[in-house]
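So the chains spell out like this:
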Amino acid sequence: MARILILEARFYDHLADGLLAGARAELDSAGHAHDLVTVPGIFELPAALAFHLAAAERGGAPRYDGFIVLGCAIRGETDHYHHIATECERGLTDLAVGHRLALGNGVLTCHDEAQAQNRADPARRNFGGQAARACLRMLALKRDLGLAQ
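Looking at an unreviewed UniProt entry, the chain carries the name 6,7-dimethyl-8-ribityllumazine synthase, with the source organism given as Phaeospirillum tilakii. Turning to the chain, the UniProt record has this under Function (unreviewed entry): "Catalyzes the formation of 6,7-dimethyl-8-ribityllumazine by condensation of 5-amino-6-(D-ribitylamino)uracil with 3,4-dihydroxy-2-butanone 4-phosphate. This is the penultimate step in the biosynthesis of riboflavin." Comment text from UniProt for the chain, heading Sequence similarities (unreviewed entry), reads "Belongs to the DMRL synthase family."

Here helix α5 (residues 127-144) contains 18 residues, and its C-alpha end-to-end distance of 25 Å stays within 8% of the 26 Å for a straight helix at 1.5 Å per residue. Of the positions making up α5, those classed as buried are Gly-128, Gly-129, Ala-131, Ala-132, Cys-135, Leu-136, Leu-139 and Lys-142. Projected down its long axis, α5 carries its buried residues within an arc of 160°, all on one side. Where α5 is buried, its residues touch β1 (3-9), α1 (13-30), β3 (66-74) and β4 (103-110).

Look at the UniProt record and you will see "active site" (unreviewed entry) annotated at His-80. Mapping His-80 onto the fold places it in helix α3 (residues 80-98). Residue His-80 is classed as exposed on the basis of its relative accessible area of 55%.

What follows concerns helix α2 (residues 45-57). Under the 1.5 Å per step criterion, the end-to-end length of α2 is 18 Å for 13 residues, consistent within 8% with the ideal 18 Å. Every buried residue of α2 is listed here: Leu-45, Pro-46, Ala-48, Leu-49, His-52, Leu-53 and Ala-56. The arc enclosing the buried residues of α2, seen along the axis, measures out at 165°, which places them on a common side. In the core, the buried residues of α2 are packed alongside β1, β2 (33-39), β3, α3 and β4. At the exit of α2 stands Gly-59, carrying a positive phi of roughly 85°.

In a beta sheet, neighbouring strands are held together by backbone hydrogen bonds and run either parallel or antiparallel to one another. Pairing is parallel in the open sheet, where four strands are placed in the order β2-β1-β3-β4. With partners counted over all chains shown, the strands left at the sheet margins are β2 and β4, one partner each. Across the sheet, the mean angle separating the axes of adjacent strands is 15° when strand polarity is ignored. Of the strand pairs in this sheet, β1 and β3 are connected by five bridges, and their pairing is parallel. Bridge assignment links Ile-6 to a residue of β3, and that residue is Ile-68. Against the sheet, α3 makes contact with β3 and β4, and its axis sits at roughly 170° relative to β4, the strand it touches most. Relative to the sheet, helix α4 (residues 113-120) contacts β3 and β4, its axis offset from that of β4 by approximately 155°.

A word on the UniProt feature "binding site: 5-amino-6-(D-ribitylamino)uracil" (unreviewed entry) in the chain. Within the UniProt annotation, "binding site: 5-amino-6-(D-ribitylamino)uracil" (unreviewed entry) is assigned to Phe-11, Ile-42, Phe-43, Glu-44, Cys-72, Ala-73, Ile-74 and Asn-105. Along the chain, Ile-42 turns up in the loop between β2 and α2. Assessed through its relative accessible area of 5%, Ile-42 is described here as buried. Setting aside residues up to four positions removed in sequence, Ile-42 forms contacts with Ala-9, Gly-71, Cys-72, Ala-73, Ile-84, Ala-85, Cys-88 and Val-107.

Among the nonpolar cores identified, the biggest contains 23 residues, and Ile-42, Leu-45, Leu-49 and Phe-67 are the most heavily contacted of them. Taken together, the elements giving at least two residues each to this core come down to β1, α2, β3, α3 and β4. Residues within four places of Leu-45 in sequence aside, it is in contact with Leu-7, Glu-8, Ala-9, Val-39, Val-69, Leu-70, Cys-88, Leu-92 and Val-107. Counting residues in hydrophobic clusters, the runner-up holds 22 residues, among them Ala-2, Ile-68, Ala-102 and Leu-139.

What counts and how
Residues numbered from 1 in each chain as written. Predicted model: local features only at pLDDT ≥ 70, side-chain atom pairs only at ≥ 80, totals over all residues. Heavy atoms only, no water. UniProt positions renumbered as here; feature names shortened; annotations may be inferred. Helix = DSSP H or I, 4+ residues; strand = E, 2+ residues; numbered from the N terminus. Expected span 1.5 Å × (residues − 1). Buried < 20%, exposed > 50% of the residue type's maximum accessible area, 1.4 Å probe, protein only. Arc of directions from axis to C-beta. Contact = heavy atoms within 4.5 Å. Pairing = 2+ DSSP bridges. Axes fitted to C-alpha atoms, helices over the stretch in contact; angles between N-to-C directions. Core = buried A, V, L, I, M, F, W, Y, C linked by side-chain atoms within 4.5 Å.

And the structure:
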């Protein structure tokens, strides 16, 4: 059984609820334990993940086998959406590669609310569940390559 940390951005609570439900259902059905950390928005996800990794390295936080990040940015009237989404994704990628993390990315970047709802809803596109499956697949790959305990 793997131990997974879910980091979720709650900027859009109704979308976060769907993403989290999808991820939790996937992990529960596969029999994996998981904990949850909540941050205000997607921009904070890379920092929260980096904080956790540093604390775990020092023995001040539990170690996890894999990580799932969930959240959403919806295009608005300014370029803010683009900058926030780009920096979130860059930060997550840098951490995943630099620390060899089994990371499932469920951060939505959508043009409008309807697109976001379709992707967050576990009964439709279920991006939360997809992120959980990606995390578990990357964890299996790490194990296959002798990189995980």
